[in-house]
Each structure stands twice: as structure tokens, then as C-alpha cells.
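Architecture and fold: a report
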Amino acid sequence: IINIIMYYDVVVQVEPKRQALREASEMLEAADTKLAEVKRLVQDLEAKLAALMAEFDKAMKEKNDVMAEAERCQTKLDMAQRLVNALSANGIIWEQTVERAGEELVFIPGDTLVACSFASYVGVFTRVYREECVGQFVDFLNKKGVPLGPKPDPLGVLATDAAMALWNSQGLPSDRVSCENGAIMTNS
């Protein structure tokens, strides 16, 4: 009897605990099922998020590429506009040069004759004597009716400013006699 009473006491105490265990196990299974569903949902959402992020990154790269291309095109357009503006300014300069060349065309033979005489005959003399000889050449040609420019300059016919600047950068002094000597040397 004592055993039966003890058994009864154990059953009375243990049975509610067993019932609580069953209920807790059922709740755990339900929670595990819900957890598995939530994990699947999270996994699906993470996969969708990864796809969307890849698509977003691709779209951003395309946007950045297009922006960079637009910037390059804008730079090219700006340079082209500057070139067109510069060329239009050069067009005016060329028109003026052609007009001036047309006017100076009459003087070219006489000025060239003075420059050739200068290079041929007075290259070895001093500056003062050179200037006297050029003055005599000009007077002689004026008496003979040869058209000359307003102030015939042999150096201006024999050399350009760019050529003289090159000579100066190579060590030739920049005085007039040295430039005249350089012009004589390059044209002889």
C-alpha cells in the first residue's frame, strides 16, 4: 500500500509534468516548423536581395559609364567649339593676309632685288656701310621706276621672325647684324 501511495504521489506529480512536456514538445515542433518556414523565406528574400543588388550595381556601373562618356563628349565638344572659334578668327587673319599680300605683290620684285643685292654684295661689311649700300640700292631702283615697298628691309625678305628666334635659341646674338648674317648664311 505504501508503494501504491508512493506511486500515486509520483504519478500525481509526474503526470502534469509529462503533460507539460508533451505540450512543450508540440510547441517546440510548431516553433521549429515556423522557424524553418521563416528561414526559407529569409533565404528567398536574401536571394532576391542579392539579385536586386547585382542589378542595381550593374545599373549604377552603366550610369557611371554613360556619365563618363557624356563628360568626354562634352570635353570634345568644348574643344571643337574652341577650334572652330579659333579657325574663324584665323579666317579673318587669312583674309587680311591675302588682301595685304595682294597689295604687297607689286613690291615683291623690287624688295627681293634689294635683298638679293644685300646678300650678294654687302654681307662682309659693317652695319653702317650696309645701311648706306641699301640706301643707294633703293635710290637707284627708285630712279629706274622699280616699285618698292614703303621701307624695303632685306632682313624681312631673307628671314622670318620664327627663323630668327630659332637662331637666337641656338646661341646667335639677337642684334640686327647677327640676324642679317644668319639670313645671308641660310640663303646663300
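In what follows, the accompanying structure is described. (Residues numbered from 1 in each chain as written. Predicted model: local features only at pLDDT ≥ 70, side-chain atom pairs only at ≥ 80, totals over all residues. Heavy atoms only, no water.)

1. Examining the overall build of the protein chain
Inclusion rule: Helix and strand definitions here come from DSSP, where helices need a minimum of 4 consecutive H or I residues and strands a minimum of 2 consecutive E residues; each element is numbered from the N-terminal end. Exposure classes here rest on a 1.4 Å probe applied to the protein chains alone. A residue is buried below 20% of its type maximum, exposed above 50%, and partly exposed in between. Contact criterion: two residues are considered in contact whenever any of their non-hydrogen atoms come within 4.5 Å of each other. The Shrake-Rupley method, run with a 1.4 Å probe sphere, supplies the accessible areas, and residue values consider only the shown protein chains as cover. Positive charges are assigned to Lys and Arg, negative charges to Asp and Glu, while His and the chain termini are left out of the count. Where a charge lies is defined by one atom per residue type, namely NZ (Lys), CZ (Arg), CG (Asp) and CD (Glu).
Across its full length, the protein chain carries six helices and zero strands. Its helices and strands taken in sequence order, the protein chain reads α-α-α-α-α-α from the N to the C terminus. Taking the principal axes of the C-alpha coordinates as reference, the protein chain spans close to 165 × 35 × 20 Å. Per-residue burial for the protein chain yields a buried fraction of 14% across its 188 residues. By sequence separation, contacts in the protein chain at least 24 residues apart represent 58% of the contacts at least 6 residues apart. A total of about 15000 Å² of accessible surface is found on the protein chain, and carbon and sulfur atoms cover 63% of it. Separation of charge centres in the protein chain, based on 20 positive and 28 negative side chains, amounts to 2 Å.

2. Digging into the pattern of salt bridges
This is how the line gets drawn: By definition, a salt bridge exists where a carboxyl oxygen of Asp or Glu is found within 4 Å of a side-chain nitrogen of Lys or Arg.
Per the stated rule, a full pass over the model turns up seven salt bridges. With a closest N to O distance of 3.1 Å, Asp65 and Lys61 form a salt bridge. Of this pair, Asp65 and Lys61 both sit in helix α1 (residues 2–104), four residues apart, roughly one helical turn. Residues Arg176 and Glu180 are paired through a salt bridge, measuring 2.9 Å at the closest nitrogen-oxygen approach. Of this pair, Arg176 and Glu180 both sit in helix α6 (residues 176–187), four residues apart, roughly one helical turn. Take Glu180: its relative accessible area is 6%, and that puts it in the buried class. Bridged by salt links that share partners, the residues Arg130, Asp153, Arg176 and Glu180 form one connected network.

3. A look at a negative patch on the surface
As a reminder of what qualifies: Two distance rules govern patches: like charges are joined within 9 Å, and nonpolar side chains (Val, Leu, Ile, Met, Phe, Trp, Tyr) within 5 Å, applied only to residues with over 30% relative accessible area and no salt bridge.
A cluster of acidic residues, Glu23, Glu26, Glu29 and Asp32, forms a negative patch at the surface. As for its position among the elements, Glu26 is in helix α1. Here Glu26 falls in the exposed class, since its relative accessible area comes to 54%.

4. Quick word on the packing of aromatic side chains
Selection criterion: Working definition: rings of Phe, Tyr and Trp (its six-membered ring) pair if their centres are within 6.5 Å, and the pair is stacked with planes under 30 degrees apart, edge-to-face with planes over 60 apart, and tilted otherwise.
Counted according to the given criterion, the structure contains one aromatic pair. Taken together, a centroid distance of 4.7 Å and an interplanar angle of 65 degrees make the contact between Phe125 and Tyr129 edge-to-face. Owing to a relative accessible area of 39%, Phe125 belongs among the partly exposed residues under this scheme. A relative accessible area of 36% places Tyr129 in the partly exposed class.

5. A closer look at helix α3 (residues 127–143)
Rules: Working rule for helices: expected span equals 1.5 Å times residues minus one. This arc is taken over the directions from the axis of the helix to the C-beta atoms.
The first and last C-alpha atoms of α3 sit 24 Å apart over 17 residues, in line with the 24 Å expected at 1.5 Å per residue. All of the buried residues in α3 are Arg130, Cys133, Val134, Val138 and Leu141. Along the axis of α3, the buried residues cluster in a sector spanning 140 degrees; they form a single face. Across from the buried face of α3, at angles greater than 90 degrees, the exposed residues are Val128, Gln136, Phe140 and Lys143. Looking one or two residues past α3, Gly145 carries a phi angle of roughly 80 degrees, positive in sign.

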